[in-house]
Amino acid sequence: MPAEKSNAIFTKKRLIICYVYNIQIYTKVGKNSVYTKYIPISAKKALHLPNIWDNSTFTRRMKINPGRLIRHIFPDMIWEIDDRDGVFLTFDDGPTPGITEWILATLKQDDAKATFFVLGKNVEMYPDLYQKILDAGHKIGNHTYSHQKGWRMSLESYVEDVDFADTLLHTDLFRPPYAQVTPTQMRVLGQRYKIIMWNILSRDYARTVSPTQCYKGVVKHLAPGAIIAFHDSEKSFRNMSYALPRVLERVKELGLRCKIIEL
Ligand SMILES: [Zn+2]
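Residues numbered from 1 in each chain as written. Predicted model: local features only at pLDDT ≥ 70, side-chain atom pairs only at ≥ 80, totals over all residues.

Now for the overall build of the protein. Scanning the protein from N- to C-terminus turns up 10 helices and 12 strands. Residues counted as buried form 38% of the 263 residues belonging to the protein. Within the protein, counting contacts between residues at least 6 apart in sequence, those at least 24 apart form 79% of the total. (Helix = DSSP H or I, 4+ residues; strand = E, 2+ residues; numbered from the N terminus. Buried ≥ 20, exposed ≤ 12 C-beta atoms within 10 Å, placed from the backbone. Contact = placed C-beta atoms within 7 Å.)

Here is the structure:
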């Protein structure tokens, strides 16, 4: 798989995310030469590179395998599910008119089930669409009311945002937006919700990821118990709509089934 180019300036915060979530960073060597290649470096090292702030540093890794540190800091987070023949598709950020219907129709064709981590505000705006997800037998997870980053919020207001969404959703599953949360926020929410993360990140939202890369990145790591993160949003549609039907095909070939998350 070719290295993925990052258009955004590589921020310190992004480096921390790469470090915490064990995302591999690649840096370009041999700049201005025909022998340009990319070598993997640690996030810690990347921080000290002189060119870290320009476009010469790249990230790629769709398979997430959080190390001991992250599992210790966030003991409540669930990254994969012990299941012999199931994979777990998840769709974040919906419901979104035009997109959710497409996902529902595609899943229906294959009799596949999924878990939708919806936003409270979207459910409020599009109650009929939300109802369609429920009617099709899929599972709902809480993705907060307003899609905030936990790092920027007090414990109280973050929990309030989650609980406000729950007055609409009544679910025992929660997924933090951007995976940006504090250990305290997770400890408190972990008492009431099962915190569902993922171990395959489709990166369907990334402009720098092509539809084929998105698809290949997902199927490469398909295995029983995998939790796959897709997005139910306009931004992700180009990649997600290419990858999803093909992923469903591959799931069948492997003798697996797409199930809802029930823990
Ligand atoms: Zn989200």
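Having put the structure on the table, let's press on.
What follows covers helix α4 (residues 100-109). Every buried residue belonging to α4 is among Thr100, Ile103, Leu104 and Leu107, and all of these are buried. Here the buried residues of α4 occupy an arc of 100 degrees about the axis, which is enough to place them on one side. Opposite the buried face of α4, at more than 90 degrees from it, the exposed residues are Ala105 and Gln109. Tucked inside the fold, the buried residues of α4 contact β5 (86-92), β6 (114-118) and α6 (127-135). Remark: aspartate 111 follows α4 within two positions and exhibits a positive phi of approximately 55 degrees. (Arc of directions from axis to C-beta.)

Inspection of the secondary structure assignment puts leucine 107 in helix α4. A residue is classified by how many C-beta atoms lie within 10 Å of it, and leucine 107, with 22 of them, is buried. In this structure leucine 107 touches Ala112 and Ala114, once residues within four positions along its chain are discounted.

The N-to-C vectors of helix α7 (residues 155-169) and helix α8 (residues 183-190) enclose an angle of 40 degrees; their axes lie 10 Å apart at closest approach. On the basis of their axis angle, the class for α7 and α8 is oblique. For the pair α7 and α8, the crossing hand works out as right-handed. Packed against α7, whose contacting residues are Leu155, Tyr158, Val159 and Val162, the element α8 presents Thr184, Gln185, Val188 and Leu189 at the interface. Here the residues of the contact of α7 with α8 sort into six nonpolar, two polar and no charged. (Axes fitted to C-alpha atoms, helices over the stretch in contact; angles between N-to-C directions. Parallel < 35°, antiparallel > 145°, perpendicular 65-115°, else oblique. Left-handed = near helix turned anticlockwise from the far one by under 90°. Nonpolar A, V, L, I, M, F, W, Y, C, P; charged D, E, K, R; others polar.)

All right, on to the confidence of the model for the protein then. Here the protein averages 87 in pLDDT, while 84% of its residues score no lower than 70. For the stretch residues 1-8, pLDDT sits under 50, and the model shows 24 contacts to residues farther than four places along the chain or on other chains. (pLDDT = per-residue confidence, 0-100.)

Our next topic: the pairing of strand β7 (residues 139-142). Residues Lys139 and Gly141 line one face of β7 and the alternating positions Ile140 and Asn142 line the opposite face, and both faces are buried. With four bridges joining them, β6 and β7 adopt parallel strand pairing. Note on β7: the bridge partner recorded for threonine 115 is lysine 139. (Pairing = 2+ DSSP bridges.)

In this structure, the amide linkage connecting glycine 94 to the following residue, proline 95, adopts the cis form with an omega of -10 degrees. Structurally, proline 95 is set in the loop between β5 and α4. With a phi angle near 55 degrees, aspartate 111 is a residue other than glycine that sits in the positive phi range. Considering the arrangement of structural elements, one finds aspartate 111 in the loop between α4 and β6. Backbone geometry at histidine 170 places phi at a positive 50 degrees, although glycine is not the residue there. Among the secondary structure elements, histidine 170 is positioned in the loop between α7 and β8 (173-174).

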